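Residue-level structural notes
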Amino acid sequence: MSTANFIQLFLSGLTMGALYALTAKGLFIAHLATTRMNFGQGEFLMIAAYLSMTLLLVGVRVILVTVLVIALLGLKGWGLERIALRPLDRLKSLVGGQYSWVLTTMGVALIMQNVATLVWGKSSQYSPPLFSASRDNVVKIMGVGVFVEELLVIAAAFLVVGLFYVFLFLTTHGRAVRAIAFNRETAALLGIDVTRTTVLVFVIASVLAAISGILVGPIVTVQPHMGLVFTVKALAVASLGGFANPLGVLAGAIIFGMAESFSNYFNSAFGDLYPLLVVLALLVVKPSGLFGEAKADVR
Amino acid sequence: MIRLEKVSSGIGSIDILRDIDLTVTRGELVVVLGANGAGKTTLLRTISGLVEVRGGSIKFDGKTSEGAKAHELARSGLVHVPQGRQIIPTLTVEENLAIGAEHLSGLGRDEIARRMEAEYERFPVLKTRRHILGGSLSGGEQQMLAVSRGLMMAPKLLMLDEPSLGLAPQALQRILAALGELARTGMAVLMVEQKTSALQIADRAYVLKNGAIVHHAPAADLRNDADVFRHYMN
Ligand SMILES: Nc1ncnc2c1ncn2[C@@H]1O[C@H](COP(=O)(O)OP(=O)(O)O)[C@@H](O)[C@H]1O
Ligand SMILES: [Mg+2]
């Protein structure tokens, strides 16, 4: 493998890793705070990618696209909580068990796949670049040409991960999320509006999906079934991260992104298989995840 | 400050409390004694809005409170320090202290800092531990933190669920002294206990058995009459 190849694969691993980290965080902030999650997290990302692509293609400016897609997806997260999750609490004694949310959120995901197929068609499409004038804008790093777009996507994804931590650790609402993750009744006794905080959690998860959807558009192809792959990979990443350690999910995501990038180079037919095998192998050695002794927290 | 009249409550298909009459006035320290499973925790959870009231009425601070949401009651000064202290292990001592007060509307940073200093004066050990995670405190320290976290919300009524549980005698004395002091400054304090140690600071006592109040007397009477107490507890 040439140095150029190596750097290119390394960067694309880092890029996808950062995007998986965002999806995984969306899944697990919800799970740790509410013991539910949105199994359609990947479909939310897919819808965000389509919306962003459509707006960019009609010439809306990137900054405005970002604001619009985040707002729309935030609204979707709110709707999901109201329609697919909250009613289950009220009906708990009448319907299914403790896991009916799996069905309802998957149901919403299927509906979204079909809506996307109906609106945008079945075929794969490319989203225009976000940051550079054209898709092929290149800078030289150590004599190797690297896509500007990719570098900026990496930077943006890590920035968002950073902001996510700032929210959880340094804001009142972030601490409220961590309090309901510990115990909902205790949180209520501390004056925390648990219902509103739960809504907030799903809105945040959707906003993370929105951001990953916007960022992923220009670097992979956009198609109606891209979501499930993201959900599955994010689940794998989060289990690798042990769901707990602040750096666990991030490290898990980057390992996964790298494994995927390099295995696709060596075997493009089964490229998607190897990273999952890496996850399995690591989980056999460390069943509680890479940094797994820590207690569960929304981090 | 709080008045329960003929209150019944339960969880799901189970009725737990029956016809509870209980009052705590300003500046009064009241203890409810009862054996394991008598319904003490359910009593506090009913008052604080976590358990559904099925009969009777509850008035807090002159207003009907049954049916109100737990977080609203907490914000209006009905503070419940739950069984097992429930310190959030992944937050620091300082973050645990602030987390209740943070959700009171219109409370500025300065006021939160001022209240925190007052709590550090009450329990100096918390100050030395303030940057440590709540989960790594000892039982006694956690109970102090739980009391202080409640006091940060400036309660009109402070309710405590078995604060003596698992505490060394010295830590228990510190906490009881602090609670006695709070009642003297005008706060209404309601604690539920299995042990009689709280009688030494209480004004009045109720005995709860199988979800009903079976005895009610000035605390001094029960202090001096261990037989009555033993009779009701079993
Ligand atoms: N969540 C619940 N579901 C069903 N029964 C409960 C629940 N909580 C308490 N109980 C029952 O109510 C009774 C009183 O419990 P509790 O209030 O916890 O008593 P105490 O605090 O005095 O030990 C017990 O018989 C207990 O089994
Ligand atoms: Mg109890």
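Now for a description of the structure that goes with this document. The written sequence of each chain sets the order in which its residues are numbered from 1. In the order they appear in the text, chains get letters beginning with A and ligands get numbers beginning with 1. Local features in a predicted model are, by the rule used here, given only for residues with pLDDT of at least 70; side-chain atom pairs are given and counted only at 80 or more, and totals for whole chains, interfaces and linings are based on all residues. Neither water nor hydrogens contribute to the side-chain values; these are computed over all heavy atoms in the structure.

Looking now at the overall build of chain B. Helix and strand definitions here come from DSSP, where helices need a minimum of 4 consecutive H or I residues and strands a minimum of 2 consecutive E residues; each element is numbered from the N-terminal end. Along chain B, the regular secondary structure elements total nine helices and ten strands. Values of the radius of gyration come from C-alpha atoms, whereas the globule rule sets the reference at 2.2 Å times the count of residues to the power 0.38. Compactness check: chain B gives a C-alpha radius of gyration of 17 Å against a globular reference of 17 Å for 234 residues, within 12% of the reference. Taking the principal axes of the C-alpha coordinates as reference, chain B spans close to 45 × 35 × 30 Å. Contacts in chain B between residues at least 24 apart in sequence constitute 70% of all its contacts with a sequence separation of at least 6. Of the accessible surface of chain B, which amounts to about 10,000 Å², a share of 48% is contributed by carbon and sulfur atoms. Positive charge is attributed to Lys and Arg, negative charge to Asp and Glu, and no charge count is given to His or to the chain ends. The location of each charge is read from NZ of Lys, CZ of Arg, CG of Asp or CD of Glu. Each charge sign in chain B was given a centre, from 28 positive and 26 negative side chains, and these centres are 1 Å apart. Whether two residues are in contact is decided by their heavy atoms: any pair within 4.5 Å suffices. Where accessible areas are quoted, they stem from the Shrake-Rupley method and a 1.4 Å probe; at the residue level, only the protein chains shown are allowed to cover.

A word on the sheet that holds strand 2 (residues 14-24) of chain B. Residue and element names in this part refer to chain B. The pairing criterion for strands is at least two bridges between them, as found by DSSP. Strand order in this open sheet of four strands is 2-1-4-5, and the pairing throughout is antiparallel. A single partner strand is all that each edge strand has here, and the edge strands are strand 2 and strand 5 (63-64). Where strand 4 (residues 53-60) and strand 5 come together, two bridges link them in antiparallel fashion. Note on strand 5: the bridge partner recorded for Phe60 is Lys63. Note on method: axes are straight lines fitted to C-alpha atoms, helices fitted across the in-contact stretch only, with angles between N-to-C directions ranging 0 to 180 degrees. Sheet strands touched by helix 1 (residues 40-47): strand 1 (2-11), strand 2 and strand 4. Its angle to strand 1, the strand with the most contacts, is close to 110°.

Our focus in this paragraph is the site of ligand 1. All names here are of chain B. Consider each residue's heavy atoms; a residue with any of them within 4 Å of a molecule or strand counts as near. Neighbouring ligand 1 are Ile11, Ile14, Ile16, Ala35, Asn36, Gly37, Ala38, Gly39, Lys40, Thr41 and Thr42. Within 3.5 Å is the distance limit for a polar contact, defined as a pair of N or O atoms, with the added protein rule that one can donate a hydrogen and the other accept it, and that residues adjacent in sequence qualify only through two side-chain atoms. A distance of 2.8 Å separates an oxygen atom of ligand 1 from a polar atom in the backbone of Gly37. Protein burial of ligand 1: of its 560 Å² of free accessible surface, 61% is covered by the chains. Elements supplying a minimum of two residues to the shell around ligand 1: strand 2 and helix 1. Here the element with the most residues in the shell around ligand 1 is helix 1; it accounts for three residues.

Our next topic: the side chain of Glu43 of chain A. Residues and elements named next belong to chain A. With respect to the helices and strands, Glu43 occurs in helix 2 (residues 41-57). Classification of residues uses two cut-offs on accessible area relative to the type maximum, computed with a 1.4 Å probe and protein chains only: under 20% is buried, over 50% is exposed, and between them is partly exposed. The term salt bridge refers to a pairing of a side-chain nitrogen on Lys or Arg with a carboxyl oxygen on Asp or Glu at a separation within 4 Å. Among buried charged residues, Glu43 stands out as having no salt bridge; its nearest opposite-charge side chain is Lys76, 9.5 Å away. Apart from residues lying up to four places away in sequence, Glu43 is in contact with Ala109, Met112, Gln113, Gly227, Leu228 and Thr231.

All names here are of chain B. At 2.0 to 2.1 Å from the magnesium ion (ligand 2) lie its protein donor atoms, namely Thr41 (OG1) and Gln83 (OE1). Highlighted residues: Thr41 in helix 1 and Gln83 in the loop between strand 6 (78-81) and helix 3 (93-101), separated in sequence by 42 residues. Look at Gln83 and you get partly exposed, because its relative accessible area is 35%. Note that water is not among the atoms considered, so a metal site may appear incomplete; the donors listed are N, O and S atoms within 2.8 Å of the metal, with 3.2 Å applied to Na, K and Ca.

Let us now look at the nonpolar core. All names here are of chain B. In terms of nonpolar packing, the biggest core is built from 127 residues, with Leu158 and Leu179 touching the most fellow members. If we ignore the near neighbours within four places in the chain, the residues touching Leu158 are Val79, Val81, Leu151, Leu179, Leu182, Met187, Ala188, Val189 and Leu190. One finds Val32, Ala38, Val192 and Leu208 within the second-largest nonpolar core, a separate group that totals 24 residues. Nonpolar cores are built from buried Ala, Val, Leu, Ile, Met, Phe, Trp, Tyr and Cys residues. Side-chain atoms within 4.5 Å join them into one set.

This part takes up the interface of chain A and chain B. Of the residues lining the interface, 18 residues belong to chain A; the matching set on chain B comes to 22 residues. In total, about 1,900 Å² of surface goes out of reach between chain A and chain B, with carbon and sulfur atoms giving 64% of it. Inspection of the chain A/chain B interface yields two salt bridges. For Glu185 of chain A, the salt bridge identified is with Arg45 of chain B, shortest N-O distance 2.5 Å. Counting across the chain A and chain B interface gives five residue pairs in polar contact (both at pLDDT 80 or more). It is helix 6 (residues 172-182) of chain A that provides the largest number of residues to the side of chain A that touches chain B, a total of six residues. Each residue is assigned to one class: nonpolar for Ala, Val, Leu, Ile, Met, Phe, Trp, Tyr, Cys and Pro, charged for Asp, Glu, Lys and Arg, and polar for all the others, Gly among them. Tallied by class, residues from the side of chain A that touches chain B come to eight nonpolar, four polar and six charged. Buried area is calculated as the accessible area (1.4 Å probe) missing from two parts once they are joined, with the contributions of both summed.

Turning to the sheet that holds strand 3 (residues 29-34) of chain B, a few remarks are in order. Residue and element names in this part refer to chain B. The strand order across the open sheet formed by six strands is 6-7-8-3-9-10, and the pairing between neighbours is mixed. Either end of the sheet is taken by a strand with one partner, and the two such strands are strand 6 and strand 10 (212-218). The average angle at which neighbouring strand axes cross in this sheet is 15°, direction not considered. In the sheet, strand 7 (residues 157-161) pairs with strand 8 (residues 188-193) via five bridges, with the strands oriented parallel. Each residue of the ladder has a partner; that of Leu158, found in strand 8, is Val189. Seen against the sheet, helix 7 (residues 169-184) touches strand 3, strand 7 and strand 8 and runs at an angle of roughly 145° to strand 8.

All names here are of chain A. The pairing test for Phe, Tyr and Trp rings, Trp by its six-membered ring, is centres within 6.5 Å, and the orientation test on the planes gives stacked under 30 degrees, edge-to-face over 60, and tilted for anything in between. Under the criterion given, the structure shown has ten aromatic pairs over all chains. Ring centres of Phe6 and Phe10 lie 6.2 Å apart, and the angle between their planes is 25°; on these two criteria the pair is classed as stacked. With Phe6 and Phe10 both in helix 1 (residues 3-34) and four residues apart, this pair spans about one turn of that helix. A residue is classified by how much of its surface remains accessible, and Phe6, at 40% relative accessible area, is partly exposed. The interplanar angle of 10° and the centroid separation of 4.5 Å between the aromatic rings of Tyr50 and Trp120 together place this pair among those described as stacked. Residue Tyr50 is located in helix 2, and its partner Trp120 is located in helix 4 (residues 100-120); the two are separated by 70 residues in the primary sequence.

Interpretation in functional terms is not warranted from these geometric data alone.
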